[in-house]
Amino acid sequence: MSRLGKYPVAVPSGVKISLDGTSLAVEGPKGKLGVFMVDGISLDLSDAGVLVNRTDDSSQQRANQGLIRSLVSNVLHGVSEGFSKVLEMEGVGYRAEAKKNEVHLSLGFSHPIVYTLPEGIKAEVDKQNVITISGVDKQLVGEVAAGIRKLRPPEPYKGKGIRYQGEYVRRKAGKGGAAGG
């Protein structure tokens with residue numbers, strides 16, 4: 001039996017849920033999102049929240065129940081509070097600037113990089129080297145943050161690059177024992 005999939009997902013206040021046969025539409029103060037159902041999984045709306053049910057006890061149905069419950073929980077959290085990821089840039093001359101739906105990055109290349117944000121994602125820049133990516137869709141926020149980080153990932157010798165806030169970059173020694181004689 002699924003351990004997490006059997007628990008109901010609490011619905012935050014101010015969130016409207018409409019259930020169609022194959023999809024769930026959620027609207028909240030931050031925006032609108034939806035979840036499509038897979039075969040053998042059904043949703044029930046009750047006073048406790050949204051309950052995810054499955055038709056049988058096969059391992060695939062148990063996995064799908066946990067997946068759909070997690071997606072429903074993420075959608076409800078996203079439309080009520082939103083998600084955000086923070087990126088830190090470390091290196092001489094590394095800067096960022098947010099303009100409308102673009103992030104202009106100076107990462108030590110011979111040219112500036114312009115990263116276009118998808119619809120529904122916002123970027124804010126603090127102190128020219130801290131980028132906060134926010135939005136209602138958890139997957140899209142993570143993809144945008146990973147895409148920006150991929151432009152200049154942190155390197156192990158000097159630690160320069162773009163990293164997630166709180167990410168530990170393991171450092172290497174470099175050319176330690178080269179003594180001429």
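Residues numbered from 1 in each chain as written. Predicted model: local features only at pLDDT ≥ 70, side-chain atom pairs only at ≥ 80, totals over all residues. Heavy atoms only, no water.

Peer 1: Which residues make up the packing of aromatic side chains, and what values go with them?
Peer 2: In total, this model carries 0 aromatic pairs according to the counting rule given. Seen from the ring of tyrosine 164, lysine 85 lies directly overhead, with NZ or CZ sitting 5.4 Å from the centre. Against the face of phenylalanine 109 rests arginine 152, its NZ or CZ located 4.3 Å from the ring centre. (Phe/Tyr/Trp six-rings, centres within 6.5 Å; stacked < 30°, edge-to-face > 60°. Lys NZ or Arg CZ within 6 Å of the ring centre and 35° of its normal.)

Peer 1: Quick one: what's the story with the nonpolar core, residue by residue and with numbers?
Peer 2: In terms of nonpolar packing, the biggest core is built from 20 residues, with Met89, Leu105, Ile131, Ile133 and Ile148 touching the most fellow members. For this core, the secondary-structure elements that each account for two or more residues are strand S6 (83–90), strand S8 (102–106), strand S9 (113–116), strand S10 (121–126), strand S11 (130–135) and helix H2 (138–151). Core analysis: the next-biggest nonpolar cluster, separate from the first, contains 15 residues, Met37, Val52, Leu76 and Val79 among them. (Core = buried A, V, L, I, M, F, W, Y, C linked by side-chain atoms within 4.5 Å. Buried < 20%, exposed > 50% of the residue type's maximum accessible area, 1.4 Å probe, protein only. Helix = DSSP H or I, 4+ residues; strand = E, 2+ residues; numbered from the N terminus.)

Peer 1: Tell me about the sheet that holds S10, and name the residues and values.
Peer 2: As summarised here, the arrangement of the 4 strands in space is S10-S11-S6-S12, forming an open sheet in which the pairing is antiparallel. Two strands lie at the open edges of the sheet, namely S10 and strand S12 (161–164), each paired on one side alone. Strand-to-strand twist in this sheet, taken as the mean axis angle between neighbours without regard to direction, amounts to 25°. Sheet strands in contact with H2 are S6, S10, S11 and S12, and its direction is about 10° off that of S6. (Pairing = 2+ DSSP bridges. Axes fitted to C-alpha atoms, helices over the stretch in contact; angles between N-to-C directions. Contact = heavy atoms within 4.5 Å.)

Peer 1: Residues and numbers for the pairing of strand S2 (residues 23–27), please.
Peer 2: Looking at chain direction, strand S1 (residues 16–19) and S2 are connected through 4 bridges and run antiparallel. Paired with leucine 19 across the bridge in S2 is leucine 24. Counted along the chain from S1 to the antiparallel partner S2, the turn is 3 residues long. As paired elements, S2 and strand S3 (residues 32–36) share 5 bridges and run antiparallel to each other. Looking at the pairing, serine 23 lines up with phenylalanine 36 of S3. Counted between consecutive antiparallel strands, the loop separating S2 from S3 contains 4 residues, among which glycine 31 sits at a positive phi close to 160°.

Peer 1: Residues and numbers for helix H1 (residues 59–80), please.
Peer 2: Under the 1.5 Å per step criterion, the end-to-end length of H1 is 32 Å for 22 residues, consistent within 8% with the ideal 32 Å. For H1, the full list of buried residues reads Gln61, Asn64, Gln65, Ile68, Arg69, Val72, Val75, Leu76, Gly78, Val79 and Ser80. In the core, the buried residues of H1 are packed alongside S1, S2, S3, strand S4 (41–45), strand S5 (50–54) and S6. Positioned one or two residues after H1, glycine 82 has a phi angle of 90°, which is positive. (Expected span 1.5 Å × (residues − 1).)

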